Every structure is written in structure tokens, then in C-alpha cells.
Amino acid sequence: MGDLILQIRKLTNFFGMVCTAKELDLDIEAGVLTSIIGPNGAGKSTLINLITGNLPVQSGSILFKGREISRLPIHQRVRLGICRSFQIVNIFPELTVLENLLIPTLALSGRTRRFFAKIEGEDRARDQVKNLLEKVGLAGVKDTPANVLSHGDQRLLEVGVALAVEPSLLFLDEPTAGMNPVERVKVLENIRQLSREGQTTFVLVEHDMDIVFSLSERVVVLHRGDILGDGTPEEIKNNVQVREVYLGDSV
Amino acid sequence: MKLKSWQMALVVLSLLALVGVGLFSGRFMIYLAMRVMILAIFALGYNLLLGQTGLLSFGHGAFYAAGAYGLGFFGLHLSSHPLLGLLAAVVLAAVLALIIGFFCVRHTEIYFAMLTLAFGMMVFSLLWSAREVTGGDDGLVGIMRDPVSFFGLLEIPIGKDRQYYFLVLAVFVLSAWAVQRIRLSPLGLALSGIRENANRAEFAGLSVKNYRLAVFVISGAFAGLAGGLETLLESNARPFMAHWGHSAEPILVSLLGGLQTFAGPLAGSVIFIAMREMVQRFTENWMLWFGIVLLVIIMGFRGGVVGVFQRLIGQAGGGR
């Protein structure tokens, strides 16, 4: 078993009176492809927002590789190695695919501070982006503005931009939402492959149970801001509580 | 992005035309050309903030005035070397932009715009009321154009308008080149990203606040440079340079010419100054006529004059 890359302790969050995280304790192991599932309003998105910095942490602590990060701004967490993709496509719409990927790549090496250099001369970043384009399968459309890509390609780019900062922990919020079956298989195969390579630990939030159970090594079930079940896909399938609350009897 | 041959030709022709104006035109034309170039420096720098980063500031008149008064004080009390004076103008404007920007970049959109407006008007009131220091509504007067001296070895006189014209032209060309380099640099790309999607930019590892502050200071420095040049031209610095009416000029000019192009603020400056001169001969209410033209352009020609031109010759606008 790998090291703990993320340790969450007593994480609590309220939206007014609504509790979306109730003294949550959760560890993520490096290299273990983990899925977070749960009914709507279970607190899945809130959890990701708290960990990545979209929401301020009200109480509790988050340790990333042993370091407290719950008060850091987003971009510093990204530089430490935590990134995410979004459920809704969230890219730079009027920039080309290439430029979309260049921004995080250049930012990672601090080269976006260079105000008098030519972008054509950034060879290292360009090579990295080229690899990334091959990896996510967008090499053919690299000079296309992102907002005219097909929805599936925009989703791919969304994941690509998140991968470009070379995160060691990557949250994917419904990465296959709105994709056709062909694209879906491509993305999932990509995730499986990248997860095996071991540089990035993936955490998925998914609604599609087929994907969750076929891809994950560990499944965490959230319900009303609390952890209802946690274990291998087999264990979760057979967990009585989870079946009552969430899966129904269909599985 | 490589310049296409017609763009190269346009650049060379414009430069030749500007040199030609300096050599052969009458005094009035030379004066107008200087006003165009000074406004263009102001607008080019400003457009890094508005067109590139997507931040609307109503307070850049304050930095223009900081440059003007900076050069004025420096010239009256320390040294009347014009280049040192311009350096002082840029430094003072940049420092002021750093202080004001520090408070403004925490906010976006309407809050950012209103904060810059408030700070700008504070600077205006300060210049207006601190009569002992700033000369109040008279401003600073009697600022001389001494020769540009290079360590006493070489002295270039700029006392006559025709001579000064070439200093303005040189500063203008350098500024335009610098702005274009910034636009096409990695920083420029990061700024475009912040304009397109600030949240994603943050998740790309960019400290959005710091980048906004950086471009705020850069654009403030260009405003200060323009202010310094105008003070040398008119031999005075006036509090109305900091007024929000003046802060609006680079916005109007950028809208007129086209927000997301390099040439937009240049074309806008030419049209702005030319229109003002022509319309003012017939009526005092030149802003009325200017407003109508602006309305037509904003409602009918998105992307300004340059945007329309680019579409006409079949070149897609491009996001940058």
C-alpha cells in the first residue's frame, strides 16, 4: 500500500443551516484510483471544492503530503500538486487548444512572468504541450479555438488543462459527462493508463456506476456530508447500508 | 506570430509617414501628430489592462497626471534633463499604480472599476486643492524643454516643436514595440487567460491577483510616460489630467479602434484627435458628435475600426 497523499481531519462545512461536510475524516492513498459517489446533495462537489480551494475551509484540516493546505490560495495548492477538472466545461474559450495547454505549462515553470520573451521561443513548454496533446488525443485540433470544439473535445481539453500542471493528486468531476460512448472509452482508458504510470493519483466523482465499479480500486460513498461506506468496489456493492440509501436493489 | 507582408508594409509606410510629417509638415500638423502619438502611448498601455486582461479602469488619468506632475517637479526642482524627467514620470506613475492597484485588484468588474474611479478622483482633488505644492487649478507652469544631453558629449535641442516631435516619435515607436512584445510574450498569454477565465487561470497555477497588479502597474507606467510627454509639449501640468473625463479617453479610443488588437488603440487615437479637431471648428459640442460615432461603431461594428478592417480582408480576429 502506498503513502497517504491526502489526510482530511474533521472537515466541516455549512451552507447556512445545510450541512455538506460533517466532521469528515478521509485519507487518500497515493496511486490508488479512488471514486467518490453519493446521491445528489451528498457533498461530493463541496468536498472537492474544499480540498482544491474553491471554497474556504470553515473548520477542520487538510494535509497534503503532510503539509497543511487548508488556508492556501488555489494557485499555491495547484503548484504543490493538487488540481481538478470541472463538471461544467471550464477552459479559456477564445484561446486555441495549444494556448489553453501552454498557460498551465508555462505557469508551472514560472515562465508566465517573462514579459519580453517570445512565446515561440518557449521550446520546453511547447514540447511538453505536444506530448500532452498526443496523450489526450487533441493533436489534430491544436490550433482550433476552444469554443468551437465539439463538446467531447472540450471535455478532453478540460482534463488536459488539469493534467498540464503535472498534478500528483487530480480530482476529476464527472469527466465523461456529455460524452459519446467512443469518447468515453477513450477518456477512461486514458485515466486507467495514467493512473498505472503512477505519477498522478486520480480521484473521480462519477454518477455512472459502471464506470465507478470497473475503474476504481476504492470507492467512497458520501451521504449528507458523512461517509456512509468506504472500501473496494466489491465491498461497496455488498454493503447493506449503501444499498439501502443509494444503490437501491438494482445492483 | 510572424508579421504578414502586408502588415510589415503597413508598419514601414506608417513610420515613413510619421517621419515625413516631422520633416515637411506645418506646425499645426506636427502638433496634432504629437497629440495623437501621446494619446496612443496612453491607450496602448491602457489596452494591456482592458483588452488583454479584461479589467476596466476609470482611474488611469491619475497615473497620467502622476507622470505629468512627476516630470514637472523633477524639472523645476532637480534636473531639467528631459529623459531623466520622463524616467521620473514613469517611476512616480508606476509607484502610484502599485499603491492604488494593491487595493483595486482584489476586486473585479464593477467594484474594480468603481474603486479605480474613486482613487482617480482622490488624486484629482488632491492636485486641485494642494495649491502650495501643485499650483491648484493653475497646475504647474513654466516647464522648460532643455536640450537632451548625453553626458555633456552630445546635445540635441528639442526646444522647437519640430525638434521635440522626433523625441515623441522615438518614445512612441519604442512604446509600441514594447507593448507588442508584452502582448506576444508568455505573460501576455497568461493575461489573456485571466481575461477569458480567471478561475481556470487560478487552477492553471497563476496567482491571478499578482498578475492583475503587474499589468495594472505596467499600464500605469505607460500612462505616466504619456503624461510626461504632454507636459513637455504644453510646458504645463494640469489637475484635469487626473479627472475621470480624461481617464475615459483611452477607453473610448480602444473601443473605437478595437479592443483586442494591437493596432486598435493606434487607429482609435488618430480618429479621436482628428475628429475632435474637425468637429470643434463647427461646434463646441464635439462630444455629442463623437458620441454618435461611438454609438454606431459599438452597435454596428464589434471589434472597432481595426476589427472591421481585419474581417474585410478575410483574416479571423483571433483570440489574442
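How each quantity is defined
Residues numbered from 1 in each chain as written. Chains lettered and ligands numbered in written order. Predicted model: local features only at pLDDT ≥ 70, side-chain atom pairs only at ≥ 80, totals over all residues. Helix = DSSP H or I, 4+ residues; strand = E, 2+ residues; numbered from the N terminus. Rg over C-alpha atoms; globule rule 2.2 N^0.38 Å. Buried ≥ 20, exposed ≤ 12 C-beta atoms within 10 Å, placed from the backbone. Contact = placed C-beta atoms within 7 Å. Pairing = 2+ DSSP bridges. Axes fitted to C-alpha atoms, helices over the stretch in contact; angles between N-to-C directions. Nonpolar A, V, L, I, M, F, W, Y, C, P; charged D, E, K, R; others polar. Expected span 1.5 Å × (residues − 1). Core = buried A, V, L, I, M, F, W, Y, C linked by C-beta atoms within 7 Å. Parallel < 35°, antiparallel > 145°, perpendicular 65-115°, else oblique. pLDDT = per-residue confidence, 0-100.

Of the regular secondary structure elements, chain B holds 14 helices and four strands. By the compact-globule yardstick of 20 Å for 320 residues, chain B fits well, its C-alpha radius of gyration being 19 Å. Its C-alpha atoms give chain B principal-axis dimensions of roughly 50 × 45 × 45 Å. Counting all 320 residues of chain B, 49% fall into the buried class. Taking as baseline every contact in chain B between residues at least 6 positions apart, the subset at least 24 positions apart corresponds to 75%.

On to the overall build of chain A. Broken down by element type, chain A carries nine helices and 10 strands. Expressed as lengths along the three principal axes of its C-alpha atoms, the size of chain A is roughly 60 × 40 × 35 Å. For chain A, with 251 residues in total, the buried portion stands at 43%.

Residue and element names in this part refer to chain A. The strand order across the open sheet built from four strands is β2-β1-β4-β5, with neighbouring strands paired in antiparallel fashion. Only two strands of the sheet have a single neighbouring strand rather than two, namely β2 (18–29) and β5 (67–68). By the bridge criterion, eight bridges tie strand β1 (residues 4–15) to β2 in an arrangement that is antiparallel. When the sheet's bridge partners are listed, F14 is paired in β2 with C19. Relative to β2, helix α1 (residues 44–52) is tilted by about 65°, and along the sheet it contacts β1, β2 and β4 (59–64).

With that settled, consider the interface of chain B and chain A. With 22 residues of chain B in contact, the opposing surface of chain A contributes 32 residues. Mapped onto the side of chain B that touches chain A, the elements with two or more residues apiece are α7 (161–183), α8 (186–196) and α9 (198–203) of chain B. Here the element with the most residues in the side of chain B that touches chain A is α8 of chain B; it accounts for seven residues. Taken together, the residues of the side of chain B that touches chain A break down into 10 nonpolar, eight polar and four charged.

As a further point, take helix α3 (residues 60–78) of chain B. Taking 1.5 Å per residue, 19 residues should reach 27 Å; α3 of chain B reaches 26 Å between its end C-alpha atoms and fits that length. The buried count for α3 of chain B comes to 15 of 19 residues, which makes it a mostly enclosed element.

Glancing now at the nonpolar core. In globular proteins that are soluble, nonpolar side chains generally tend to be buried together. All names here are of chain B. Counting residues in hydrophobic clusters, the biggest one holds 160 residues, and the most contacted among them are I41, F42, A65 and A93. With 16 residues, the top contributor of residues to this core is helix α2 (residues 27–52). If we skip the residues at most four places from it in the chain, A93 touches F63, A66, G67, G70, G220, A221, A223, G224 and G227.

A word on helix α1 (residues 5–24) of chain B. Since the α-helix advances by 3.6 residues per turn, residues separated by three or four positions end up pointing in the same direction. Look at α1 of chain B: 28 Å from first C-alpha to last across 20 residues, which is about the 28 Å you get at 1.5 Å a residue. Counted residue by residue, α1 of chain B has one buried out of 20 residues, so it is predominantly exposed.

Trans is the common state for peptide bonds, and a negative phi is the common state for residues other than glycine. Residues and elements named next belong to chain A. Although it is not a glycine, E174 adopts a positive phi angle of roughly 45°. Along the chain, the position of E174 falls in the loop between β7 (169–173) and α6 (181–197). With a phi angle near 50°, R224 is a residue other than glycine that sits in the positive phi range. Structurally, R224 can be placed in the loop between β9 (218–223) and β10 (226–231). For R224, a count of 16 C-beta atoms within 10 Å corresponds to the partly exposed category.

This part takes up the packing of α3 of chain B against helix α11 (residues 244–257) of chain B. All names here are of chain B. Here α3 crosses α11 at 105°, and the two axes come no closer than 7 Å. Classed by the angle they form, the pair α3 and α11 counts as roughly perpendicular. Together, H60, G61 and Y64 of α3 and W244, H246, S247 and P250 of α11 make up the contact between the two elements. Of the residues belonging to the contact of α3 with α11, the class tally is three nonpolar, four polar and no charged.

Bringing the sheet that holds β7 of chain A into the picture now. All names here are of chain A. The strand order across the open sheet formed by six strands is β6-β7-β8-β3-β9-β10, and the pairing between neighbours is mixed. Across the chains shown, the open sheet's two edge strands, defined by having one partner strand only, are β6 (82–85) and β10. When strand polarity is set aside, the average angle formed by the axes of neighbouring strands in this sheet is 20°. In this structure, β9 lies alongside β10, joined through five bridges in antiparallel fashion. By the bridge assignment, V221 is partnered in β10 with G229.

As a further point, take the pairing of β4 of chain A. Residue and element names in this part refer to chain A. Judged from the five bridges that link them, β1 and β4 form a sheet pairing that is antiparallel. Note on β4: the bridge partner recorded for Q7 is L63. The sheet contact formed by β4 and β5 spans two bridges and is antiparallel. Paired with L63 across the bridge in β5 is E68. Remark: two residues form the turn of the hairpin made by β4 and β5, two consecutive strands paired antiparallel; K65 in that turn has positive phi of roughly 50°.

What follows concerns the environment of V165 of chain A. You can see V165 of chain A is positioned in the loop between α5 (151–164) and β7. Under the C-beta neighbour-count criterion, V165 of chain A is labelled buried, with 21 such atoms within 10 Å. Taking the C-alpha atoms as reference points, V165 of chain A and G81 of chain A, 84 residues apart in sequence, are found 7.6 Å from one another. Residues in contact with V165 of chain A, not counting those within four places in the same chain, are V78, C83, P104 and L108 of chain A together with A204 and G205 of chain B.

Turning next to the packing of α7 of chain B against helix α10 (residues 208–234) of chain B. Residue and element names in this part refer to chain B. Between α7 and α10, whose axes approach to 11 Å, the crossing angle comes to 175°. Comparing their axes, α10 and α7 come out roughly antiparallel. Packed against α7, whose contacting residues are Y164, V168, V171 and S175, the element α10 presents F222, L225, L229, L232 and L233 at the interface. Here the contact of α7 with α10 is composed, by residue class, of eight nonpolar, one polar and no charged.

What follows concerns the confidence of the model for chain B. Residue and element names in this part refer to chain B. Summing up the model confidence of chain B, the mean pLDDT is 90 and the portion of residues at 70 or higher is 97%. Between residues 316–320, whose pLDDT stays under 50, and residues either more than four places distant or in other chains, the model counts nine contacts. Model confidence for the complex: the whole-complex pTM is 0.90, and ipTM, which rates the interface, is 0.88.

A few words now on the environment of R67 of chain A. Locating R67 of chain A in the fold gives a position in strand β5. Residues R67 of chain A and L24 of chain A, spaced 43 residues apart in sequence, show a C-alpha to C-alpha distance of 18 Å.

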